[in-house]
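Fold and geometry: a report
Next come the chains, spelled out residue by residue.
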Amino acid sequence: MRLETVGKRYGVRQPWVVRDVSADLPAGRLIRVEGRNGSGKSTLLRVIAGVTAASAGRVCGRPARTGYVPERFPGGLPFSGREYLVHMARVHGLRGAAGTGAVDEWLDRLGAAGYADQPLRSLSKGMCQKIAISQALLPRPGLLVLDEAWTGLDQAARGALDAAAMERAATGGTVLFVDHDAARLAGHADERWRLGGDGHVTVLPGDNAPRPGRPTAGDPAGYPTADDPADDPAAGRTVVTIELAGVEDGSLSSLATLPGVLACTGTGNRVVRVAASHSDDVLREVLAWDGVRVVSVGPAGDR
Amino acid sequence: MTALLRYQAAILLRSHRWIFPLIAYGLLISVGAAGSSSLAETLDWSAAMLVPVVAFLTRAMLTAEPDAARACVAAAAGTVKAQLATLLVALGGGALLGIAGICFGLLTAEPPTTATAAGATSKLAALAGHPGIVVAGLLTTLVCLFVGSAVGALFNPPLLRHPGAAMLATLAAAVFGLASDVSPAGAALRFTSQTASPVAAHWPGSFPLAAAVCLLAVTWAASTYAATRRDTRSRAEG
């Protein structure tokens with residue numbers, strides 16, 4: 001996916017909110033969009049998600065399945081949470097059992113299953129936000145756009161959304177997010193897009209540990225390629241815990257021998273301690289295994 | 001598209017936004033039936049009343065979805081399809097009202113012959129001899145349905161966002177659409193009333209229908225174009 005000199009203004013006499021943005025959004029990239037209030041972050045995300053058309057330039061190669069989570073999701077629809085999600089699953093192209101299965105899975109992962117049959121109007125802000133997140137994740141989207149989607153979530157749901165965002169990126173999706181918390185997904189962003197007040201975007205390298213075999217040059221201007229992880233003194237110092245469900249006993253040994261895995265504990269849900277420099281590779285690997293789900297991802301000592 | 005139509009139809013049904021147009025249309029055609037002397041007049045009246053009712057039904061659909069929910073659907077399916085589904089569901093609801101209006105006219109109006117026989121069966125038997133009146137009623141209803149939908153699409157969000165201005169403009173345009181010969185609906189109705197005779201078949205001509213289809217296409221295109229460029233920051237719509 002690619003942005004070609006994209007600009008957006010809401011009317012011909014209005015100022016440009018975003019202008020002249022050219023960037024590549026390759027598969028598997030996790031991008032943090034940052035800038036002050038009113039700098040055009042939400043507008044840029046909406047243009048990329050296809051919610052509103054660009055006024056100049058174009059957005060090419062948007063993946064077929066796109067999930068967008070707005071910053072606020074007021075429950076103004078005459079449905080229960082589950083009914084809304086079943087409708088959205090159909091809109092995303094998931095019919096019948098595939099749709100209801102995905103709905104149940106995401107309600108469960110975000111801890112919203114208990115409230116899903118209540119009318120949307122009666123749900124709290126946090127619960128509505130969980131429904132909004134679920135609808136975006138239902139089709140396992142190739143492009144996931146999160147506009148302060150963490151706002152109003154409880155800690156467990158924040159962790160589940162962190163895990164879901166990393167899972168999308170690890171399985172070849174493109175993820176863009178804005179969050180007021182500077183520590184959100186810290187250590188995992190491949191790029192940071194900084195919006196100046198003038199609507200221009202500066203593409204900066206992310207704060208994730210570099211990984212071999214992964215292209216990092218997304219900026220046409222080219223920012224310095226990160227060093228090999230072995231030379232990076234910061235990499236490996238930080239430890240990440242990944243909680244996995246559905247790991248069979250037979251797979252334990254292959255899990256323990258993955259590069260970067262320090263320890264593997266737990267009986268039901270396995271808790272894996274991984275060097276931060278290898279956490280994305282481990283995630284990508286285990287997500288390819290049958291039946292394995294990521295329950296949460298967090299800094300070491302979190303649990 | 002089917003999924004979007006189901007979603008929008010469910011919003012229309014579950015939000016109870018269909019109740020006001022249904023009651024308004026029922027009252028309007030009842031009043032018209034009481035003042036009409038022939039089947040042709042009754043059918044013309046029920047077609048004419050479709051213009052404001054469908055215009056406001058279209059408004060009801062265009063304002064039913066909160067901005068955030070609309071944005072999620074737009075990302076999932078595209079803004080063009082989402083907007084067309086909204087307009088189509090309102091048009092479909094209007095078509096159901098139009099069919100109900102025609103059935104009501106056929107069952108209650110004076111039969112087009114002087115036969116005094118009572119009962120629905122004999123009325124339908126009498127109508128069988130005058131299919132032209134029924135066909136003309138159907139075509140006029142179709143023209144008015146399209147004009148009503150066009151008025152609703154043109155004078156409501158996302159093209160006209162201020163709620164007060166939108167409602168007044170919708171009402172004024174519906175009245176103009178019926179009163180002026182410039183409008184396909186006005187032209188069709190004027191033609192049938194000029195040639196009205198209790199037993200004559202009066203086909204309004206293909207010109208009003210073609211004009212109504214063009215009007216519908218242009219207004220829907222404008223509404224859809226505006227929907228793709230909608231300022232999703234504003235929350236003043238509705």
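Residues numbered from 1 in each chain as written. Chains lettered and ligands numbered in written order. Predicted model: local features only at pLDDT ≥ 70, side-chain atom pairs only at ≥ 80, totals over all residues.

**Describing the interface of chain B and chain A**
The line we're drawing: Placing C-beta atoms from the backbone, we regard two residues as in contact once those atoms come within 7 Å. Strands are runs of DSSP state E lasting at least two residues, helices are runs of H or I lasting at least four, and both sets are numbered from the N terminus onward. Any residue outside Ala, Val, Leu, Ile, Met, Phe, Trp, Tyr, Cys, Pro, Asp, Glu, Lys and Arg is labelled polar, Gly included; the first ten of those are nonpolar and the last four are charged.
Facing 24 residues of chain B, the contacting portion of chain A comprises 27 residues. The element best represented in the side of chain B that touches chain A is helix 5 (residues 67-77) of chain B, accounting for 9 residues. Of the residues that constitute the side of chain B that touches chain A, the class distribution is 15 nonpolar, 4 polar and 5 charged.

**Section: the environment of Ala163 of chain A**
All names here are of chain A. Stated precisely, the cut-off is as follows: Residue burial is a threshold on neighbouring C-beta atoms within 10 Å of the residue's own C-beta, all placed from the backbone, with 20 or more meaning buried, 12 or fewer meaning exposed, and counts in between meaning partly exposed.
Positionally, Ala163 belongs in helix 5 (residues 155-170). Of the residues examined, Ala163 has 22 C-beta atoms within 10 Å and is grouped as buried. Note: C-alpha distance between Ala163 and Glu243 (80 residues apart in sequence) is 9.5 Å. In this structure, Ala163 is in contact with Val294, Val295, Ser296 and Val297, ignoring residues within four places of it in sequence.

**Focus on the pairing of strand 3 (residues 30-34) of chain A**
Residues and elements named next belong to chain A. For the record, the criterion: By definition, two strands form a pair when at least two bridges between them are found by DSSP.
In terms of burial, strand 3 is a largely internal element, 4 of the 5 residues being buried. Relative to strand 7 (residues 174-178), strand 3 runs parallel, the two being bridged by 3 bridges. For Leu30, the partnering residue across the bridge sits in strand 7 and is Val175.

**As for the packing of helix 2 (residues 81-91) of chain A against helix 1 (residues 2-14) of chain B**
Under the convention used in this document: Here, axes are lines fitted to C-alpha atoms. For helices the fit covers the stretch in contact, and angles between N-to-C directions go from 0 to 180 degrees. By definition in this entry, angles of less than 35 degrees are roughly parallel, angles greater than 145 are roughly antiparallel, angles of 65 to 115 are roughly perpendicular, and the rest are oblique. It is the rotation of the near helix from the far one that decides the hand of a crossing: anticlockwise by less than a right angle makes it left-handed, clockwise makes it right-handed.
Viewed as axis vectors pointing N to C, helix 2 of chain A and helix 1 of chain B meet at an angle of 155 degrees, and their least axial separation amounts to 8 Å. On the basis of the axis angle, helix 2 of chain A is roughly antiparallel to helix 1 of chain B. Crossing angle aside, the handedness with which helix 2 of chain A passes helix 1 of chain B is left-handed. Here His87, Arg90 and Val91 of chain A of helix 2 of chain A lie close against helix 1 of chain B, whose contacting residues are Ala3, Leu4, Arg6, Tyr7 and Ala10 of chain B. Taken together, the residues of the contact of helix 2 of chain A with helix 1 of chain B break down into 5 nonpolar, 1 polar and 2 charged.

**Here's the deal with the sheet that holds strand 1 (residues 2-8) of chain A**
All names here are of chain A. Taken in spatial order, the 3 strands line up as 2-1-4 in an open sheet, and their pairing is antiparallel. Only two strands of the sheet have a single neighbouring strand rather than two, namely strand 2 (18-24) and strand 4 (56-60). Between one strand and the next, the sheet's axes are offset by a mean angle of 20 degrees, whatever the strand orientation. One ladder, built from 4 bridges, connects strand 1 with strand 2; its direction is antiparallel.

**Some thoughts on the packing of helix 8 (residues 131-154) of chain B against helix 9 (residues 163-179) of chain B**
Residues and elements named next belong to chain B. Look at helix 8 against helix 9: their axes get within 9 Å of each other, and the N-to-C directions meet at 150 degrees. Looking at the two axes, helix 8 sits roughly antiparallel to helix 9. The interaxial crossing formed by helix 8 with helix 9 has right-handed handedness. For the pair formed by helix 8 and helix 9, the contact residues are Val147, Gly148, Val151 and Gly152 on the first element and Thr170, Ala173, Ala174 and Gly177 on the second. Tallied by class, the residues present in the contact of helix 8 with helix 9 amount to 4 nonpolar, 4 polar and no charged.

**Remarks on the nonpolar core**
Convention followed: Put simply, a nonpolar core is a cluster of buried Ala, Val, Leu, Ile, Met, Phe, Trp, Tyr and Cys residues tied together by C-beta atoms within 7 Å.
Judged by nonpolar contacts, the single largest core of 153 residues is most densely connected at Val145 and Ala165 of chain A together with Leu50, Val51, Cys72 and Val147 of chain B. For this core, the element with the most residues is helix 8 of chain B, which contributes 13 residues. The contact partners of Ala165 of chain A, leaving out residues within four places of it in the chain, are Leu30, Leu144, Leu146, Val175, Phe177 and Leu185 of chain A.

**Notes on the sheet that holds strand 5 (residues 66-69) of chain A**
Residue and element names in this part refer to chain A. One open sheet accounts for 6 strands, arranged 5-6-7-3-8-9; its pairing is mixed. This sheet does not close on itself; its edge strands, each paired only once, are strand 5 and strand 9 (201-205). Direction aside, neighbouring strands of the sheet carry axes that sit 15 degrees apart on average. In this structure, strand 8 (residues 191-195) lies alongside strand 9, joined through 5 bridges in antiparallel fashion. Of the residues in strand 9, the one forming a bridge with Arg194 is Thr202. Sheet strands in contact with helix 4 (residues 125-137) are strand 5 and strand 6 (143-147), and its direction is about 165 degrees off that of strand 5. Most of the contacts of helix 5 go to strand 7, to which it runs at about 145 degrees, and overall it touches strand 3, strand 6 and strand 7.

**Re helix 1 of chain B**
As a reminder of what qualifies: One less than the residue count of a helix, multiplied by 1.5 Å, gives the span that helix is expected to have.
Compared with the 18 Å implied by 1.5 Å per residue over 13 residues, the 18 Å span of helix 1 of chain B between its first and last C-alpha is a close match. By the burial criterion, the buried members of helix 1 of chain B are Ala3, Leu4, Tyr7, Gln8, Ile11 and Leu12 of chain B. Against the buried residues of helix 1 of chain B lie helix 2 of chain A together with helix 4 (50-62), helix 5 and helix 6 (79-108) of chain B. Two residues or fewer past helix 1 of chain B, His16 of chain B is found with a positive phi of approximately 60 degrees.

**Structural notes on unusual backbone geometry**
For the peptide bond that leads from Pro157 of chain B to Pro158 of chain B, omega is 5 degrees, which places it in the cis range. Inspection of the secondary structure assignment puts Pro158 of chain B in the loop between helix 8 and helix 9. Look at Asp20 of chain A: it is not a glycine, yet its phi comes out positive at around 60 degrees. Take Asp20 of chain A: it is sitting in strand 2. Phi is positive for Glu148 of chain A, which is not a glycine, with a value near 50 degrees.

**Examining helix 5 of chain B**
Residues and elements named next belong to chain B. Across the 11 residues of helix 5, 11 count as buried, placing the element largely inside the fold. Listing the buried residues of helix 5 in full gives Asp67, Ala68, Ala69, Arg70, Ala71, Cys72, Val73, Ala74, Ala75, Ala76 and Ala77. In the stretch just after helix 5, Gly78 is the one whose phi turns positive, near 100 degrees.

**Some words on the environment of Leu204 of chain A**
With respect to the helices and strands, the residue Leu204 of chain A is situated in strand 9. Considering only alpha carbons, one finds Leu204 of chain A and Phe79 of chain A, 125 residues apart in sequence, at a separation of 42 Å.

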